[in-house]
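Structural characterization, general
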Amino acid sequence: MYTIYREVHPPTGVEHCIECHFFDSCRKSLVVAAASALRVYELHSSKPEGARNGTVGAQLVLAGEYQLYGNVQSLHKVQLSQTKRDTLLLSFKDAKLSLVEYDPENNDLRTVSLHCFEEDELSGGLVNNFHRPVVRVDPDGRCATMLVYGHHLAVLPFRHDVVFDEQEPTSPTTPSAGHTTKDFLPSYTVDLQSLTERVCNVKDIQFLHGYNSPTVFVLYEPIPTWAGRITLRRDTHCIVAISLNTSDHTSPVIWTVGNLPFDCCYALPVPRPIGGMVIVGANSLLYLNQSSPPYGVSLNSTAESTSNFPLRKQTALCITMDCSHAVFVSDEHFVATLRGGEIFVFTLVPEGMRGVRNILCEKVASSVITSCVCKLLDNFLFFGSRLGNSIVLSYTRKAHDFEDSLEASNKKRKVEQAIGEDLEDLEVYGMDAKTGPQLHTFKFEVCDSLLNIGPIANVTLGEPVFLSEEFTQGGIELELVACSGHGKNGALSVLQRGVRPQVVTTFELPGCTNMWTVFSKDDQDSSNSHSFLILRRQESTMVLRTGQEITELDALGFATQAPTVFVGNVGGGRFIVQVTCTDVRLLKGEQQMHFLPLDMGGGVKSCDITDPYGVILLVDGAIVLLELKEENGSASLAIEWPEVKKGSPIVVMSTYTDCSGLFTTEASDHQLTSAVVQPSPAVAKTSQSSVDEEDELLYGDIKQEKKEESSSVQQSSPHQQKTSHSKTHWCVICREDGSLEIYRIPDFQLVYCIRNFSTCRRTLIDSGPMSSSMPAAAPTSNEQSVQEVLIAGLGPEGTYPHLLALVDRELVVYKAFAHVQIQNPGHLHIRFSKATHKVLLSDRKSSKVPSPSSQPDGTDSKDEHIFVPRLRQFRDVGGLNGVFICGPYPHWLLMSHRAALHIHPMSIDGEVISFAPFHNVNCPNGFLYFNSEGELRICVLPSHLSYDSYWPVRKVPLKNTAHFVSYHMESKTHAVITSVATPVTMVPRLNGDEMEQMDTVERDEQFPYPSEKKFYLQLYSPQSWEVVPHTKFGLEHLDRVTSMKVLRLRSQETLSGRKEYIVVGATTVCGEDVTCRGKILIFDVTEVIPEPGKPLTKHKLKCLYNQEQKGPISALESVEGLLLSCMGQKIFMWHFKDNKDLVGVAFIDTEIYVHTAHALKNFILIGDVTRSVQLLRYQENLKTLSLISQDPLPANVYACGYVIDGHQLSFIVSDDQQNLMLLQYQPELPESCGGLYLIRRTDFNVCAHVNAFFHVQSRSSAPLGASREVKQMMTDKRHVTFLAALDGRIGLVLPIVEKMFRRLHMLQIRLAQGLPHTAGLNPKSYRMFRSSLPILYCPQRNMLDGELLWQYTQLSWKDKTDFAKQIGTTPTQILEDLKEIDKVTAHF
């Protein structure tokens, strides 16, 4: 079986974050890493609605997104010499280090240097590297280090001096343009086990502040221990400080400390002037400094009994710091988030210059469960999370005013008594330089959040509730419901891949080919409702008034006897311009204000408006400019015939109103300074090295701190600067030879020219003014033709200009970015970079798509030359702005305040002929569209979904962890298993092998009690996603749910003999001294009479069976109406008889521990925790369970499922190494040993832990316009297998025919060799099979990488042709294969 893997939803869980000067030195950015995705955000200030005066608001704006062929393991920054921006250091498995930076020429990532430390001498024979390659950078930017295989330190020195020597680096470094090899010194490694202090089991590495040489601080544990052995071995952690001499590669040990608590987690460097290091432990905080004695505080009462380290007791404090993350917000304060989401502020009370006399702690807020944290600007924090939404917090710091109240003064007195004052410091440095503590109050407010649907623990299919009746006849529509988050971040994520509009009403108006909605505002009218709807027919025009009712308007000022070319508003919506083939009319309401005949040029082809101008394109290629003139209360249109550069005939034209300020011919001071190469701040820093070192140690780098503070204040309000730009007007035209030109309105001066625009290069560059004598590029049959072009200002305020075009019936999207033009004065200072998307619009198997001037039905008429646009820009449709793409495969191109471009399909109603926004009393912020059946639908977007995401999603917060979800089809509800963490204050009393009773344990108030999960079963209604009343069932104490499914079991209550039951499997674990038990609970959802005014009370949950089993219930499944339960290694078949009892039918013993089972007819696929999968069969006539085949190779199974391709059946398995394996039962092959072993057909790595599989029958691959019989005939019996991962990504596996596989496999090899590898990552190694054990096995490569193949669609026409020629095919054939894959997998 040949398959293809494709990722349809990218990862969303944030794992790493850092603040840096990514684009230039004048603005700071936030860089986050989510698995293999690298996203760059900028923090823009915004005033929240209803906010108080003085409230600071902010929102994250996406500035760049880059896909890598590898999951980022660590992220850091450094500023190299001769650069104006920071360079990112990215580490990847197993020991790869890449240096990348922003490329301002192409608006993309540029690889600076590559380093690989995966030699056998460094790995020490390890097959699987369990150590994360942590990257750390010296605070002064002198070098970077990376932990290699847990016992080596890779050092990468950087050169910042002005005088360069001639030494060439010997490390595997590949500098790019803009960098020289002098920026990097030779990299080398330090063996930590060969030092004077043998270092092993490294917990963390950090750089110390304030040292003349780069000094690495290593926290390690030479002899490991754990909580169960602290009576024999405690205080096992040690630290060592290593001074790195990068010139002679020596690494002397300058400082060691031993006997630290066993629960130390990580180290946190303290900035100057205090310096030193904070060691964060689970139960204590330690401060270490080479020039002062160590100091520590206990966080709970457990620290005193588990460590002999002298700790100061903190009264009324009971927290644990394991799984916490911390960051310094000032020299003395750092913010830490605990594993429960609580936010604490810790204050270091300094003693002199190099010591700490106390550590104060205060709880200030509660947020999400974080995985990373970093500081933004001066008063913002970013909390990245893998378990919930990442958030941005603003904080304000206010010193205590002790004179306000007596309580505050008493607090000050207590602090002074505990700490005291150093009178000598007051005499020497004065009151301002007092080293005593200043207590501050921190206040946190949430500003913005990033959506995360991970980790996906379980997923199910459901039926959408708010689906219009017009869409229920075409087939069954589905939606995904996933269990997301953890703890208080737990939620249900309801996902839809496409847009499903809510239909208000439908009219049958056959023969209409285009439509427009226009305003007719009066001076007193402040509403934004549309007044008229204009419909164009083949030989006439219909005008409708849109008020409380839609009525046809008698012809007054509108032209109704001829087809309309364009209708739009000018004068701020007060006037209407109607353009026909022969004339132009200006109207105010229904009254005609001005009539302008156009008898030249063979008629009007197209028209577009940029208020107060209008541009008309005639059939002969001439351009006509219209301008609104208002004098003495009357309005008219002034006509001009501007001179356009001569050349190839003009094909398409559109206008653009710029509000961003990017479209300008005058470069700003910031752009000019960025274009000139300036000395690096690091080089400038060396010129100030003459400052007295003693003053620097006393007062710190005050000048630099003030400079950073002022720069952060300047960039805190970029939105206000953007909205201050005045509007400018532009006209973009595209010629027959494929060139694109931009003219300024109204003087029509050529300001931008792109030759060969139709080739769709990755970056569009201004070609400069072309003379008339220069020969135009003659179009060839192989080149693509441009059908339509549009420049649209996306975003809420239209401040993000994008260039959209339909080239060879495919969508091309470019993003404009600032770039100073030095060679072409007087031209626009911009460039265009291609935005990556996966949309394929054309159906190349169907008949040839008609040209824009032809009619949908193919008939000839008088308006055959009229251009019908497919790209329709809209404003405020459901609160969103963007572009609607009409055609056989309609899509919504949206951009919200996040500035993230999202494209959602709308295939639920087939082909869309025309589209227009529509705002009315009965349809607020809605839209209109014509389908292929000639039906006009008035619709609105469902408001319960969020469209500012990769898929339209609704996240239902649960405030607790969701483990399992399953759809109960008979009652149309979702059964959800949730858990709430509760403290454990009781322990079981044992009586032999059984638990006798629970004894209460009493501890002091500072004892951190452990927590356990209390599980609940609840029913949720998809109408409001609220809990169905009286359906919450709580399980008993110590019962842990390990499986829950809605199963169809045998029942005599229904005619079919099957009925849906909710079956729950639970396990009771009381320790290793008590035998593990389990329970099976069977519930029925009954329908009752609802309570008055409470429609959700019509369902009730009834427990039919609740009995204890002899072993733990690890998996459940139904096989031919019988219940299959897995109890560890034993599998039983039960018959649920008379809704009362379970009667045993059959059993079998398997390997070690079965935790997942899936049935197909009478076949059962089970997954073992260490022994891969086994295939079982149940025989009804013999009442037996038998083993058919099994996987001979070991694998730690995460999930398993089926891949169906007609008569072929494969088994798909995911393991702990993030592999996907496809196995088949083929007893005729000799390597299967007569069917005893399953044959592996595919080994593929998805670089994500896959937790769930589900399969859906593929859609029809019939061409567009085919009848229902043809669609059913061409619908094959293969299924699409979807998968969900822990990082939030959703993928699919599709079987394909061998001929298509061979063709795309050759293309995949060529793409892996020919495409540039960002960060030096090879896509081939990214998908290679990984194993935790050294096994003699040759991986099978029968699965294609759809992510790599879809990059072919974003190549230029020349690159597409070159790659196609290399494999002996054509670009059309390749795009046809990709489109077929896209069509059959277009679910949800």
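Residues numbered from 1 in each chain as written. Predicted model: local features only at pLDDT ≥ 70, side-chain atom pairs only at ≥ 80, totals over all residues. Heavy atoms only, no water.

1. Focus: the overall build of the chain
For clarity, the threshold we go by: The helix count covers DSSP runs of H or I at least four residues long, the strand count covers runs of E at least two residues long, and both are numbered beginning at the N terminus. Working definition: with a 1.4 Å probe on protein chains only, accessible area under 20% of the residue-type maximum means buried, over 50% means exposed, and in between means partly exposed. Here a residue-residue contact requires only that any non-hydrogen atoms of the pair lie within 4.5 Å. Methods summary: accessible areas were calculated by the Shrake-Rupley approach with a probe of 1.4 Å, and residue burial reflects only the protein chains presented.
If you tally the helices and strands in the chain, you get 15 helices and 89 strands. Looking at the chain as a whole, 56% of its 1388 residues are labelled buried. Sequence-distant contacts, at least 24 apart, represent 58% of the contacts inside the chain between residues at least 6 apart. Put simply, the chain shows about 58600 Å² of open surface, and 50% of that area lies on carbon and sulfur atoms.

2. Comments concerning the environment of valine 329
Here valine 329 is to be found in the loop between β22 (325–328) and β23 (333–337). C-alpha separation for the pair valine 329 and lysine 375, spaced 46 residues apart in sequence, amounts to 6.8 Å. Beyond its immediate sequence surroundings of up to four residues, valine 329 is in contact with Phe334, Val335, Lys375, Leu381, Tyr395 and Phe442.

3. Notes on the pattern of salt bridges
The following threshold applies: Just to be clear on terms, a salt bridge is a Lys or Arg side-chain nitrogen sitting within 4 Å of an Asp or Glu carboxyl oxygen.
This model, assessed by the stated rule, comprises 48 salt bridges. One salt bridge connects glutamate 221 with lysine 203, and the closest N-O pair in it is separated by 3.6 Å. Of this pair, glutamate 221 sits in the loop between β15 (215–220) and β16 (237–243) while lysine 203 sits in strand β14 (residues 202–207), and the two are 18 residues apart along the sequence. Taking the relative accessible area as the measure of exposure, glutamate 221 reaches 6% and is therefore buried. Note on lysine 203: relative accessible area 38%, which makes it partly exposed. A salt bridge links arginine 735 to glutamate 741, with the nearest nitrogen and oxygen atoms 2.9 Å apart. Using a relative accessible area of 5% as the deciding quantity, one classes arginine 735 as buried. Judged by relative accessible area, glutamate 741 falls into the buried class, the value being 0%. Through salt bridges that share partners, Arg6, Lys1379 and Asp1382 make up one connected network.

4. Considerations on the sheet that holds strand β55 (residues 871–877)
Note the following rule: The pairing criterion for strands is at least two bridges between them, as found by DSSP. Between N-to-C directions, angles span 0 to 180 degrees; the directions come from axes that are lines fitted to C-alpha atoms, helices contributing only their stretch in contact.
Within the open sheet, the 4 strands sit side by side as β55-β56-β57-β58. Their pairing is antiparallel. Each end of this open sheet is capped by a strand with a single partner; those strands are β55 and β58 (901–905). When the angles between neighbouring strand axes are averaged without regard to direction, this sheet yields 25°. Pairing geometry for strand β56 (residues 880–885) and strand β57 (residues 891–895), over 5 bridges, is antiparallel. Its bridge partner lying in β57, asparagine 881 is registered against methionine 895.

5. Remarks on the sheet that holds strand β24 (residues 342–350)
The 4 strands are arranged β22-β23-β24-β25 in an open sheet whose pairing can be described as antiparallel. One side of each edge strand has no neighbouring strand; the edge strands of this open sheet are β22 and β25 (356–366). Neighbour to neighbour, the strand axes of the sheet diverge by 20° on average, direction disregarded. Note: β24 against β25, 9 bridges, orientation antiparallel.

6. Quick look at the confidence of the model for the chain
So the rule is basically this: The quantity known as pLDDT measures the predictor's confidence residue by residue, on a range of 0 to 100.
For the chain, the average pLDDT comes to 86, and 86% of its residues sit at 70 or higher. Across residues 401–436, confidence stays below pLDDT 50; counting only partners more than four residues off in sequence or on other chains, it has 27 contacts. Low pLDDT, under 50, characterises residues 778–782; the predicted model gives this stretch 3 contacts beyond four residues in sequence or across chains.

7. Quick word on the packing of aromatic side chains
Let me state the cut-off plainly: Each aromatic pair joins two rings of Phe, Tyr and Trp (for Trp, the six-membered one) with centres within 6.5 Å, and gets the label stacked for planes under 30 degrees apart, edge-to-face for over 60, and tilted for any other angle.
In this structure the tally under the stated criterion is 40 aromatic pairs. Ring centres of tyrosine 395 and phenylalanine 444 lie 5.8 Å apart, and the angle between their planes is 35°; this geometry places the pair in the tilted category. Placement of tyrosine 395 in strand β28 (residues 390–399) and of phenylalanine 444 in strand β29 (residues 440–450) is noted, with a sequence separation of 49 residues between them. Like phenylalanine 444, tyrosine 395 is buried.

8. Quick word on the environment of glutamate 42
Summarising the element assignment, glutamate 42 is placed in strand β4 (residues 37–45). You can call glutamate 42 buried: its relative accessible area is 10%. Aside from chain neighbours lying at most four places away, what touches glutamate 42 is Phe23, Arg27, Lys28, Ser29, Gln59, Leu60, Val61 and Ala63.

9. So, helix α11 (residues 1298–1314)
Where we set the bar: The span expected for a helix works out to 1.5 Å for each residue beyond the first. Each C-beta atom gives one direction from the helix axis, and the arc is the one those directions make.
Here α11 spans 24 Å end to end across 17 residues, near enough to the 24 Å set by a 1.5 Å rise per residue. Taken together, the buried positions of α11 are Met1300, Phe1301, Arg1303, Leu1304, Leu1307, Gln1308, Leu1311 and Ala1312. Summarising the axial view, the buried residues of α11 lie within an arc of 170°, below the 170-degree limit, and thus occupy one face. Turned more than 90 degrees away from the buried face of α11 sit Lys1299 and Gln1313, all of them exposed.

10. With respect to the pairing of strand β27 (residues 380–384)
Regular strands show a simple pattern: their side chains alternate between the two faces of the sheet. Summarising burial for β27: 5 of the 5 residues are buried, a large majority. What you see with β27 is no split at all: Phe380, Phe382 and Gly384 on one side and Leu381 and Phe383 on the other are buried throughout. In terms of strand pairing, strand β26 (residues 372–376) meets β27 through 5 bridges, oriented antiparallel. From the neighbouring strand, valine 373 faces β27, where its bridge partner is phenylalanine 383. Taking the residues that link successive antiparallel strands as the turn, the β26-β27 hairpin has 3 residues, and the phi of leucine 377 there is positive, at about 50°. Where β27 lies against β28, 4 bridges are found, and the strand directions are antiparallel.

11. Here we look at the pairing of strand β3 (residues 27–34)
The element β3 is largely enclosed, with a buried count of 7 among its 8 residues. Judged from the 6 bridges that link them, strand β2 (residues 16–24) and β3 form a sheet pairing that is antiparallel. Within β3, the position partnered with glutamate 19 by the bridge is leucine 30. Taken together, the 5 bridges between β3 and β4 define a ladder with antiparallel strand orientation. Looking at the pairing, valine 31 lines up with valine 40 of β4. The turn joining β3 and β4, which pair antiparallel and follow one another in sequence, is formed by 2 residues; a positive phi near 60° is taken by alanine 35.

12. Quick word on the packing of α11 against helix α15 (residues 1371–1384)
To be explicit about the condition: Angular relationships are summarised with four words: roughly parallel below 35 degrees, roughly antiparallel beyond 145, roughly perpendicular across 65 to 115, and oblique for the angles in between. Left-handed is the label given to a crossing in which the near helix is rotated counterclockwise from the far helix by less than a right angle, and right-handed is the label when the rotation is clockwise. Each residue is assigned to one of three groups, with Ala, Val, Leu, Ile, Met, Phe, Trp, Tyr, Cys and Pro labelled nonpolar, Asp, Glu, Lys and Arg labelled charged, and all others, Gly among them, labelled polar.
Contact pair α11 / α15: the axes reach a minimum separation of 11 Å and the direction vectors enclose 115°. The angle between α11 and α15 places the two elements in the roughly perpendicular class. Considering how the two elements wind past one another, α11 and α15 form a crossing that is left-handed. On the side of α11, the interface is formed by Met1300, Arg1303, Leu1304 and Leu1307, while α15 contributes Gln1373, Ile1374, Asp1377, Leu1378, Glu1380 and Ile1381. Among the residues making up the contact of α11 with α15, the classes are represented as 6 nonpolar, 1 polar and 3 charged.

13. A closer look at the side chain of threonine 610
Selection criterion: Identification of polar contacts relies on pairs of N or O atoms within 3.5 Å, with a donor-acceptor requirement for protein atoms, meaning one able to donate a hydrogen and the other able to accept it, and with residues adjacent in sequence counted only if both atoms are side-chain atoms.
Here threonine 610 shows up in strand β42 (residues 604–610). Note on threonine 610: relative accessible area 0%, which makes it buried. Here the side chain of threonine 610 touches threonine 657 through a polar contact of 2.4 Å, side chain to side chain. Only 2.7 Å separates the side chain of threonine 610 from the side chain of histidine 729, close enough to count as a polar contact. Not counting chain neighbours up to four residues away, the residues in contact with threonine 610 comprise Thr655, Tyr656, Thr657, His729 and Ile745.

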